[in-house]
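Summary of structural features
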Amino acid sequence: MERLFLHETRSPSYGASYDPDDSLKAMRLMRQAVENRLSEPNLWGARGATDEIGVITVRSQFGQFASYPNLPISFMAQVDLIVSLANSPGDSRAAANARHVGDAITAATEITPPVGIAGLGVVAWRTAGHGSPGTRFRAVMTLQGNTFSR
C-alpha cells in the first residue's frame with residue numbers, strides 16, 4: 001500500500017501545491033477506499049480478494065498494480081525518487097520526503113482510522129479534473145490532486 005500511496009499522492013516535489021497534512025489525509029482516504037472495497041469485493045470488481053493486495057492488484061482497480069510485484073519502470077522511478085530523496089540527508093529536500101514516506105507507512109499500517117475519515121465511506125478516487133469513476137459515485141472531496149468518491 002505504501003507504494004500505491006506514494007505514487008498516487010502529491011509529493012513535496014509539487015512545491016507550493018503540496019501540503020503534508022493534506023497529503024497524509026489523502027493517503028488515509030486511499031486506505032479507506034481499499035478497505036471498503038475489501039469489505040465487499042464482489043460489489044467493487046475484486047471478486048475473490050481476501051486482503052488489500054488482492055484488491056489493489058485486480059486489473060480494473062489500480063491499473064499500475066495489475067502486474068504486482070512487477071511494477072512498470074515509470075511507476076517505480078517515481079517512487080524510487082521519493083525514497084531516494086528521503087534517504088539523502090545532505091539534500092535540502094530530504095526531511096520533507098522522509099515525512100512523506102513516513103506518512104505513507106503510517107496510512108498503510110495504522111489500525112484505527114482517524115476521526116473525520118472513518119465516516120466518509122470513500123470507495124474510489126481519480127485524478128482531480130478527470131471526471132467521476134462512474135455514474136454511481138458521488139464526490140466527497142478533492143485533496144492533493146485527487147477527487148475522492150463514495
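Structure's up top.
Residues numbered from 1 in each chain as written. Predicted model: local features only at pLDDT ≥ 70, side-chain atom pairs only at ≥ 80, totals over all residues. Heavy atoms only, no water.

**Section: the pattern of salt bridges**
What the rule picks out here adds up to five salt bridges. The partner of R99 in a salt bridge is D21, with the nearest N and O atoms 2.7 Å apart. Within this pair, whereas R99 is found in helix α5 (residues 94–109), its partner D21 is found in helix α2 (residues 20–39), the two being separated by 78 residues in sequence. Residue classification places D21 among the exposed positions, given a relative accessible area of 51%. For E35, the salt bridge is made with R31, and the minimal N-O distance between the two is 2.8 Å. (Salt bridge = Lys/Arg side-chain N within 4 Å of Asp/Glu carboxyl O. Helix = DSSP H or I, 4+ residues; strand = E, 2+ residues; numbered from the N terminus. Buried < 20%, exposed > 50% of the residue type's maximum accessible area, 1.4 Å probe, protein only.)

**Some words on α2**
Taking 1.5 Å per residue, 20 residues should reach 28 Å; α2 reaches 29 Å between its end C-alpha atoms and fits that length. For α2, the side-chain oxygen to backbone nitrogen distance between the N-cap and D21 is 2.9 Å, and the N-cap itself is D19. (Expected span 1.5 Å × (residues − 1). Polar contact = N/O pair within 3.5 Å; in protein donor to acceptor, adjacent residues only side chain to side chain.)

**Details of helix α4 (residues 73–86)**
The terminal C-alpha atoms of α4 lie 20 Å apart, and with 14 residues this matches the ideal 20 Å at 1.5 Å per residue to within 8%. Here α4 has its buried residues at F75, M76, V79, I82, L85 and A86. Looking at the packing, one finds that the buried side of α4 touches α1 (2–8) and α5. (Contact = heavy atoms within 4.5 Å.)

**Points about the packing of aromatic side chains**
Counted by the stated rule, this structure contains four aromatic pairs. When the ring of F65 is compared with that of F75, the centres are 5.1 Å apart and the planes differ by 85 degrees; the resulting orientation is edge-to-face. Pair noted here: F65 is in the loop between α3 (52–56) and α4 and F75 is in helix α4, with a separation of ten residues, a long-range link. F65 sits in the buried class, given a relative accessible area of 5%. When the centroid spacing of 6.3 Å and the interplanar angle of 45 degrees are considered together, the rings of W125 and F148 count as tilted. With W125 in strand β1 (residues 124–127) and F148 in strand β3 (residues 146–149), this pair connects stretches of sequence that are 23 residues apart. Among the residues examined, F148 registers a relative accessible area of 0% and is labelled buried. Ring-pair connections join several aromatic residues into one group, and the members of that group are F65, Y68 and F75. (Phe/Tyr/Trp six-rings, centres within 6.5 Å; stacked < 30°, edge-to-face > 60°.)

**Points about the packing of α4 against α5**
Viewed as axis vectors pointing N to C, α4 and α5 meet at an angle of 120 degrees, and their least axial separation amounts to 7 Å. Between α4 and α5, the angle is such that the two are oblique. The handedness of the crossing between α4 and α5 comes out as left-handed. Contacts between α4 and α5 involve I82, V83, L85 and A86 from the former and A94, N97, A98, H100 and V101 from the latter. (Axes fitted to C-alpha atoms, helices over the stretch in contact; angles between N-to-C directions. Parallel < 35°, antiparallel > 145°, perpendicular 65-115°, else oblique. Left-handed = near helix turned anticlockwise from the far one by under 90°.)

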